[in-house]
There are 2 protein chains.
Amino acid sequence: MTETLGSTGEFGLIAAVTRGLARGEDVLVGPGDDAAVVAVPDGRLVITTDLLVEGRHFRQDWSSAYDVGRKAAAQNLSDIVAMGARPTSMVVGFGAPADLPTAWALELNQGLVDEAELLEVSIIGGDTVQSDKIVVSVTAFGSLDGRAPVLRSGARPGDEVAVVGRLGWAEAGYAVLQRGFRSPRSVVEAHRRPQPPYAEGPRAAIAGASSMCDVSDGLLSDLGHIAEASQVVIDVRSRALTVAEPLQAVAAATGADALGFVLTGGEDHALVGTFEPADVPDGWTVIGAVAEGNENVPAGTVTVDGAAYTAVSGHAHFRS
Amino acid sequence: MTETLGSTGEFGLIAAVTRGLARGEDVLVGPGDDAAVVAVPDGRLVITTDLLVEGRHFRQDWSSAYDVGRKAAAQNLSDIVAMGARPTSMVVGFGAPADLPTAWALELNQGLVDEAELLEVSIIGGDTVQSDKIVVSVTAFGSLDGRAPVLRSGARPGDEVAVVGRLGWAEAGYAVLQRGFRSPRSVVEAHRRPQPPYAEGPRAAIAGASSMCDVSDGLLSDLGHIAEASQVVIDVRSRALTVAEPLQAVAAATGADALGFVLTGGEDHALVGTFEPADVPDGWTVIGAVAEGNENVPAGTVTVDGAAYTAVSGHAHFRS
C-alpha cells in the first residue's frame, strides 16, 4: 500500500523533511521550535514571499514534485538576488490532501533543498497543513552584505537597459504543454524548472546597477514596473533581443509570435537592470535605453522600437 | 454588480491593500519591489510561518473575512512571542478565486492590519495569486532585543509549569459551531478570533522562563513538545486548571468533557512555560511541575495527576 500523508501524519512528515536539512552558520535556531532564529550580521534582512497553487502554477501531470520544489525555491531566490542580495535561508508552508503519497511530498522537499543548496541556503522552518489542492508557500531571506539594495526606482535617463538569463523559454514551454505536446524538450524543461542567473544579481549590484528586477511577469511588464517606479521611459530595441531556435520552432508550430514569447513571457526569472553605459557587466546584453518622459510618451511607459507594443502583455493574476 | 478579484485584478488589489499600511521605522524597503528590506539592529531575527486553508482552518459561514485576518496574524504573532521575542513585521501570501468579492479580500486585509497594529507590527510585503480555495500564508518576524530565545528544550526538573491565557475556549466554540449553534457567544468569538497574551511572552523571557511554547495544538500536546525537547517528565495538576463557566455549559450541552477542552483544545494561543518556582511571573497560573524521567515514566511523557491522560489528544494535521 502506498504511504500517504494521512498515514505518515504531520509530525512524521516534518521529521522526515527536517532530518536531512543542512544548517548554515547563520541558523541559530532551526526547525522544531515555535519559530526559527537567524543571525543577521549585516543588520538588514531582505525578505520575499510567494505562493504556488496546484492548477494555477503547476500541474501534477506536467511537472514532477521535484520540479515543483525546484521552481518554488527558484522564484523566491530570484526575487532576493534581484535586490542585489545573497540568499541565505527560507521557510516553507505546505498544504496537501491526506491521500497524497508521502513520496510526493518528500520529492517536493528534495527539489526545494537542492535548489536552496545551489546557493548554500538553509531551510529553517515551515508549516504543514491539510488542503484539497497542493499549496506551497515559500518565504526567502537574503543578505545585502553591506551594499545598498537595488530597487526598481533608481533608473535614470541615459542609462542602458541590460538583461541576463533566458527570456520566453518557459512561456514557449507552457504553450507546448497546453497543446498536449512534450517537445521541444528544452522549452518544456525551462517551464518545469527555471534556471535563474543567481550570481548575476549581487554582481550587478557591485557593478553599480541603478535599478533591477527579475523577469517573472514578462519583460515588458517588469520593465513597466521599473519605468513607473523610476518615472522614466524605457525603450526596448527588438533587434537586440535573441530569439532562440526552440522559440522559433514553437512559434512556427503554434502560430504564435516568437518575439512575443521573449517580450511578454514570464517565469524564466531572467534579471533586467539599468546601468550607466560603462557599468554594464560582462555577459549582460544591452537591449534598450532609459529616457525622460515627454508629452507624447509619458514617464512610466515602455516602448518597443519607439512605439507601443500592442500584442498580449504580461501575465496578471485574477485576469484571464 | 459586486466587484470581484477578477475585475479588480492583482495590481488593483495590491494597490488597495498597500495604500493604508503603516510603516515602522525598521522597514527600509516596503511593498512594491522584488523584496522588502528590514533593519535588524539586534543582529538576529525570529521567523515563523503558517498556512491557513479555507475549509480546514476557517469556514466562510463561521468566520468573517475580518476574523480570518485577525486569526491568521494572531497565530503567527503568538509563535514569535512564544520565543520571548517582540513581533516586528510580517509578509502575507493570499490565494483566492477570481469570483471572490473584492470586499472580502479587503476585510481580510483589515483584520491582518488591525491585529498587527496591536503590536505595532508592519506588513512589509506579500503575494496574491488565484486559487480555487482561499489560502492565507503569513510569515512573521520578531526581535529578541538582546535576549536569548526561550526554547522548548530548556525545562529542568524542579521547574514549575505555568500558563497564561485561555485554554479550551476556541475548541468549545468549534464544538458549538459544528453542531450548528452560535452560542455561548464567548466561546464562538474565541474560536473566530483568538486573543493571545502577547505581552506575556517577552515578559516571561525577562522573568527567566526556562522553556516556553504557545498552545496551538492543545495543552497536553504542546507540553509534550517541551517534555520531549527537554527530555523531562511534566505532570499537570488538573485541579489547578480553571474550567470556565461557558466551557462547562458547552460540555453539558454537547456531552463533552469540559476538562477535555482545557487539556486538549488548541488555537487559543495561551502561553505555557517552565520557571524556577521563584521566577513565575504575576498573572501566570502554576498548573504542574517538571521532573526527571524514570523507569515507569520515561522522559518525554506528560501526565495528568500522575497518570496517563487517555481521552482524545491534541490536534494533528492529516489525521482525523
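- The name given to chain A in an unreviewed UniProt entry is Thiamine-monophosphate kinase, with Kribbella caucasensis as the source organism.
- Recorded under Catalytic activity (unreviewed entry), the UniProt text for chain A is reproduced unchanged: "thiamine phosphate + ATP = thiamine diphosphate + ADP".
- What the UniProt record of chain A gives under Function (unreviewed entry) is the line "Catalyzes the ATP-dependent phosphorylation of thiamine-monophosphate (TMP) to form thiamine-pyrophosphate (TPP), the active form of vitamin B1."

1. Describing the packing of helix 4 (residues 169–178) of chain A against helix 5 (residues 185–192) of chain A
Residues and elements named next belong to chain A.
Then, in step 1: One way to put it is that helix 4 packs onto helix 5 with a least axis distance of 7 Å and a crossing angle of 105 degrees. One element, helix 4, and the other, helix 5, form an angle in the roughly perpendicular class. Note on element contacts: helix 5 touches helix 4 through Ser186, Val187, Val188, Ala190, His191 and Arg192, opposite Trp169, Ala170, Ala172, Gly173, Tyr174, Val176 and Leu177.
Then, in step 2: Counted by class, the contact of helix 4 with helix 5 contains nine nonpolar, three polar and one charged residues.

2. With respect to the pairing of strand 6 (residues 135–143) of chain A
Residue and element names in this part refer to chain A.
Then, in step 1: The element strand 6 is extensively covered by neighbouring structure, given that nine of its nine residues are classed as buried.
Then, in step 2: The sheet contact formed by strand 3 (residues 44–53) and strand 6 spans eight bridges and is antiparallel. Within strand 6, the residue paired with Ile47 across the bridge is Phe141.
Then, in step 3: Two strands pair when backbone bridges link them, and strand 4 (residues 86–96) and strand 6 are joined in this way by nine bridges, in the antiparallel orientation. In the sheet register, Ser89 faces strand 6, and the bridge partner there is Phe141.

3. Points about the interface of chain A and chain B
Then, in step 1: Listed per partner, the contact involves 69 residues of chain A and 69 residues of chain B.
Then, in step 2: A combined buried area of about 5300 Å² lies between chain A and chain B, and 60% of that area is made up of carbon and sulfur atoms.
Then, in step 3: The interface formed by chain A and chain B holds six salt bridges in total.
Then, in step 4: In this structure, Asp34 of chain A and Arg152 of chain B form a salt bridge, with 3.3 Å as the shortest nitrogen-oxygen distance.
Then, in step 5: Put simply, chain A and chain B have 21 residue pairs in polar contact (both at pLDDT 80 or more) between them.
Then, in step 6: Mapped by element, the contributors of at least two residues to the side of chain A that touches chain B are helix 1 (5–19), strand 1 (27–29), strand 2 (36–39), strand 3, strand 4, strand 5 (122–130), strand 6 and strand 8 (211–215) of chain A.
Then, in step 7: Looking at the side of chain A that touches chain B, the element that brings in the most residues is strand 3 of chain A, giving nine residues.

4. Some remarks on the domain arrangement of chain A
Residues and elements named next belong to chain A.
Then, in step 1: Structurally, chain A comprises domain 1 (5–143) and domain 2 (152–304).
Then, in step 2: Centre-to-centre separation of domain 1 and domain 2, based on C-alpha positions: 27 Å.
Then, in step 3: With 19 residues of domain 1 at the interface, the matching set in domain 2 holds 19 residues.
Then, in step 4: Run the count over domain 1 and domain 2 and you get two salt bridges.
Then, in step 5: In this structure, the salt-bridge partner of Arg193 is Asp67, at a minimum N-O distance of 2.8 Å.
Then, in step 6: Put simply, domain 1 and domain 2 have six residue pairs in polar contact (both at pLDDT 80 or more) between them.

Thresholds applied
- Residues numbered from 1 in each chain as written.
- Chains lettered and ligands numbered in written order.
- Predicted model: local features only at pLDDT ≥ 70, side-chain atom pairs only at ≥ 80, totals over all residues.
- Heavy atoms only, no water.
- UniProt positions renumbered as here; feature names shortened; annotations may be inferred.
- Axes fitted to C-alpha atoms, helices over the stretch in contact; angles between N-to-C directions.
- Helix = DSSP H or I, 4+ residues; strand = E, 2+ residues; numbered from the N terminus.
- Parallel < 35°, antiparallel > 145°, perpendicular 65-115°, else oblique.
- Contact = heavy atoms within 4.5 Å.
- Nonpolar A, V, L, I, M, F, W, Y, C, P; charged D, E, K, R; others polar.
- Buried < 20%, exposed > 50% of the residue type's maximum accessible area, 1.4 Å probe, protein only.
- Pairing = 2+ DSSP bridges.
- Buried area = accessible area lost by both parts, 1.4 Å probe.
- Salt bridge = Lys/Arg side-chain N within 4 Å of Asp/Glu carboxyl O.
- Polar contact = N/O pair within 3.5 Å; in protein donor to acceptor, adjacent residues only side chain to side chain.
- Domains from an automatic or database assignment.

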